[in-house]
Amino acid sequence: MKDEVSFAGRPRYANSGFGPSFAVLDIGLPDRVAVVEPESAFWAVVDTEALPEALSGGLVQDFLAQSEAFREEMQRLRFGLKPSAVYFNPTERCNFNCTYCYLPEDMRRNGKTMTVEKVNEALERLEAYFQRTLEPGTKPQLIFHGSEPMLAREAVFSAIDRFHGRFIFGVQTNATLLDDEAIDFLTSRGVGIGISLDAHEALTADKVRKNWHGQGAFSKVRRVMEQLASYEAFNVITTVTQENVTLLSDLVDFYHDAGVGVIMFNPVRCTREGGRNLKPDDAVLAEAFCAALDRTYVLFEKTARKLVVANFANVLAGVIGPTGRRLMCDISPCGGGRCFFAVSAHGDLFPCSEFLGFPEYRGGNLFQDDIQSVLKSRPFQAVTTRVVEQMEPCRRCAVRHFCGAPCPAEVQAVSGTLEAPSPYCRFYEEQVRYAFRVVAQGREAAYLWNGWESETEETFRCA
């Protein structure tokens, strides 16, 4: 018994006895592989020829020396954070009827819009909650989201003026209602602005993003993009569908030429039938997405100017150092109900805006219920306790803490349960492999936002 305990304290090998269990991950390079300890997200990039030595030598000892710290870090990241952001939907209505929208059509056509007074009352309540829960001096983030928040422009602008300096504000909009006056108002107050555009030419861009009369707005959105391109707090979201998946590299050139600095290539949500019908094949999506990332690197090498693909940059940052993430979709539990929550135009509280079309995930009402109690409600707990360890094949996956099997609302719609893998499982796997490949090649700075070094504590190792 004494010999057994003594041996347990100083294991030499991985994958046997008392040693750690490492998975070896092909990352698409002929001379490098990634070695991952899935539970703690510890990893190393290893020369292929040195793999036997790594599994029976220094890498094992490195892991054992740091394993407790890694596990504590992942535990805090996954279960120790408090909500600090709100997706605020001041109206259910939208002036567009995009084919793939994740919100019900009747809601977008006939839904409720908050008054100026109601929006201000809501923000008073939210501010009071955050003052009780966040560290002194920490400003919560509030993103006016949609449907189309600019349909409630008077209320949104009134709230931004009234609470200026008390929240960090953002607006996510289809850009069709952003006139010069609105742009001046938002930029002069430092409000983050995200717009949507799905292609670099009108025929494709307007095919699925169109108003109730079937007309698109490519020209208008492009003008807004050009006006805002140099604005630091600006980004463009491209929803990737069957219609535009083969155009992603062309879009990289288009955005880079326009001076845009941050974009997102978001695979279409399968939350509703329209999105499911437009879902690209995973293999096609992965190939096009990785080719687009390759193109951003080529342009960076040529011009020294980055085009950051934010959803990939978030995965890359999460690999380099788990707490470097800016988004919380690619980890489980996801950020819904845990790092942020959503407020509907009725004041109803949901774990995330993606759940607004699922009345069963309403946890309470901002104007009637205590927010802290809502966060403990059954609908919120269903999302905040959803972990990859409870799902197949996720619980056996080496990259489970770099993926997180998102998005719970999408998974619910596709599988009828939260406890299932993402319909984009193969795509997310390839995205993580690409991230490891970037690190192995020492190219991470070209893909990450400026200043990432000061925000991220690197936990990777090349051996």
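Here, the structure is the one placed above.
Residues numbered from 1 in each chain as written. Predicted model: local features only at pLDDT ≥ 70, side-chain atom pairs only at ≥ 80, totals over all residues. Heavy atoms only, no water.

S.K.: I tried to follow the pairing of strand 11 (residues 340-343) on my own but got confused; where do I start?
M.R.: Moving residue by residue along a regular strand, the side chains alternate between the two faces of the sheet. The alternating pattern of strand 11 places F340 and A342 on one face and F341 and V343 on the opposite face, and all of these are buried. Here strand 4 (residues 85-88) pairs with strand 11 via four bridges, running parallel. Paired with Y87 across the two strands is A342, which belongs to strand 11. As paired strands, strand 11 and strand 12 (residues 348-350) are joined by two bridges and run antiparallel to one another. Opposite V343, over in strand 12, you have L349 as the bridge partner. A loop of four residues connects strand 11 with strand 12, the two strands running antiparallel in sequence, and G347 in this loop sits at a positive phi of about 90°. (Buried < 20%, exposed > 50% of the residue type's maximum accessible area, 1.4 Å probe, protein only. Helix = DSSP H or I, 4+ residues; strand = E, 2+ residues; numbered from the N terminus. Pairing = 2+ DSSP bridges.)

S.K.: Looking at this model, I keep getting lost on the side chain of H401. Mind explaining?
M.R.: Mapped onto the fold, H401 is located in helix 16 (residues 400-403). Given the relative accessible area of 2%, H401 is considered buried. For H401, the side chain forms a polar contact with the main-chain oxygen of E39, separated by 3.4 Å. Setting aside anything within four residues of it in sequence, one finds H401 in contact with P38, E39, A41, M74, R78, R325, D330, I331, V388 and E389. (Polar contact = N/O pair within 3.5 Å; in protein donor to acceptor, adjacent residues only side chain to side chain. Contact = heavy atoms within 4.5 Å.)

S.K.: So what exactly am I meant to see when it comes to the packing of helix 6 (residues 153-162) against helix 7 (residues 180-188) here?
M.R.: Between two packed helices, both the angle of their axes relative to each other and the distance between the axes serve to describe the pair. Packing of helix 6 against helix 7 brings their axes to within 11 Å, and their N-to-C directions diverge by 25°. By the criterion of interaxial angle, the relationship of helix 6 to helix 7 is roughly parallel. Remark: the crossing between helix 6 and helix 7 carries left-handed chirality. Of helix 7, the residues touching helix 6 (which contributes R153, F157, I160 and D161) are E181, A182, F185 and L186. Counted by class, the contact of helix 6 with helix 7 contains five nonpolar, no polar and three charged residues. (Axes fitted to C-alpha atoms, helices over the stretch in contact; angles between N-to-C directions. Parallel < 35°, antiparallel > 145°, perpendicular 65-115°, else oblique. Left-handed = near helix turned anticlockwise from the far one by under 90°. Nonpolar A, V, L, I, M, F, W, Y, C, P; charged D, E, K, R; others polar.)

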